[in-house]
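Here's the letter readout for the chains.
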Amino acid sequence: MNTKDRLSLVLVGFGIWAAATAAYRQVGSVFFERSIVEYWLNVASTGGLYTLVFVGLMRWRRVEAKDWLQGAVCIALPGMIGEIPVLAGFAGLMSNMQPETAGRYAAFLFSGYSILLSFAWFTATREVRATGSQRLL
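If you're wondering where the values come from, they're calculated on a predicted model, not measured in any experiment.

What counts and what doesn't
- Residues numbered from 1 in each chain as written.
- Predicted model: local features only at pLDDT ≥ 70, side-chain atom pairs only at ≥ 80, totals over all residues.
- Heavy atoms only, no water.
- 1 Å grid on protein atoms, 1.4 Å probe; cavity = no way out; pocket = protein on both sides within 12 Å on 5 of 7 lines; lining within 4 Å.
- Points joined across faces, edges and corners; volume = space filled by probe spheres on them.
- Helix = DSSP H or I, 4+ residues; strand = E, 2+ residues; numbered from the N terminus.
- Nonpolar A, V, L, I, M, F, W, Y, C, P; charged D, E, K, R; others polar.
- Expected span 1.5 Å × (residues − 1).
- Buried < 20%, exposed > 50% of the residue type's maximum accessible area, 1.4 Å probe, protein only.
- Salt bridge = Lys/Arg side-chain N within 4 Å of Asp/Glu carboxyl O.

1. Some points on the layout of surface pockets
Then comes step 1: For the largest pocket, the calculated volume is near 390 Å³.
Then comes step 2: Along the walls of the largest pocket sit 22 residues, with Ile16, Trp17, Ala20, Thr46 and Tyr50 positioned nearest its centre.
Then comes step 3: Looking at the lining of the largest pocket, the elements that each hand over two or more residues are helix H1 (3-32), helix H2 (36-60), helix H3 (68-88) and helix H5 (102-131).
Then comes step 4: Tallying contributions element by element places H1 first for the lining of the largest pocket, with 7 residues.
Then comes step 5: The class makeup of the residues in the lining of the largest pocket is 17 nonpolar, 4 polar and 1 charged.

Rendered as structure tokens:
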């Protein structure tokens, strides 16, 4: 993966994070303050959506599978870093949700990033083993 790919993926990651954070700021209570079943359906479906979007981006950019972990890190880090001030100031920044919802929101974020990174790690590791290469990051 070249530097242009990395930078592009960081920018995409930032864009996805900014758009999702803005959306959850407006309608987050619909996703996080309903029943526990609806919450877990949101967690599972969003994790699947993250993975599908990621695979599409990697294929569109023609990134080799052995480099998918790098790609996932480039996409995830802007959001992970961006969520630090959001979660620290949750009550003021995410005013459409109850302050108690911060835990559910944080767990949702953690699960999404974990699913994405785990999938990319698994895919890259499988490719490295298949080709005999030694490099993951």
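2. Some points on H2
At 3.6 residues per turn, the α-helix brings residues three or four places apart onto the same side.
Then comes step 1: The first and last C-alpha atoms of H2 sit 36 Å apart over 25 residues, in line with the 36 Å expected at 1.5 Å per residue.
Then comes step 2: Of all the positions in H2, only Tyr39, Asn42, Val43, Thr46, Gly47, Thr51, Phe54, Val55, Leu57 and Met58 are classed as buried.
Then comes step 3: Trailing H2 by a residue or two, arginine 62 shows a phi angle of about 55 degrees, which is positive.

3. Some points on the pattern of salt bridges
Then comes step 1: Going through the model one piece at a time under the given rule, you end up with 3 salt bridges.
Then comes step 2: A salt bridge links arginine 61 to aspartate 5, with the nearest nitrogen and oxygen atoms 2.7 Å apart. Residue arginine 61 is located in the loop between H2 and H3, and its partner aspartate 5 is located in helix H1; the two are separated by 56 residues in the primary sequence.
Then comes step 3: Residue classification places aspartate 5 among the buried residues on the basis of a relative accessible area of 11%.
Then comes step 4: Between aspartate 67 and lysine 66 there is a salt bridge, with its nearest N and O atoms 3.7 Å apart.

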